[in-house]
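Letter by letter, the chains look like this.
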Amino acid sequence: MDKCPKCGTTFEEILENGFVGCEKCYEMPSVKKAVDKMFNNKKHKIN
Ligand SMILES: [Zn+2]
């Protein structure tokens, strides 16, 4: 299970709440994939 090293938010919580705890959360591979899917329609990329 992915967990943010900074704020301790888990991938499961992010899915449940619909938002991340901090910018470090985006570094979780699972979150990256999920965010990529969410923004796929807009062709949005997070660098
Ligand atoms: Zn975080």
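Rules of the game
Residues numbered from 1 in each chain as written. Predicted model: local features only at pLDDT ≥ 70, side-chain atom pairs only at ≥ 80, totals over all residues. Core = buried A, V, L, I, M, F, W, Y, C linked by C-beta atoms within 7 Å. Buried ≥ 20, exposed ≤ 12 C-beta atoms within 10 Å, placed from the backbone. Contact = placed C-beta atoms within 7 Å. Helix = DSSP H or I, 4+ residues; strand = E, 2+ residues; numbered from the N terminus.

Within soluble globular proteins, side chains that are nonpolar tend to cluster in buried spots. Cys 4, Ile 14, Cys 25, Met 28 and Val 31 together form the largest nonpolar core, which totals 5 residues. Not counting chain neighbours up to four residues away, the residues in contact with Ile 14 comprise Thr 9, Val 20, Cys 25 and Val 31.

Glancing now at the environment of Glu 13. Of note, Glu 13 is situated in helix α1 (residues 11–17). As for Glu 13 and Lys 3, which are separated by 10 residues in sequence, their C-alpha atoms are 9.5 Å apart.

Moving on: the environment of Val 31. Within the secondary structure layout, Val 31 lies in helix α2 (residues 29–38). Overall, the presence of 20 C-beta atoms within 10 Å leaves Val 31 in the buried class. Once residues within four sequence positions are removed from consideration, Val 31 is found in contact with Asp 2, Phe 11, Ile 14, Val 20, Cys 25 and Tyr 26.

Purely geometric stuff here, so don't read any function into it on its own.
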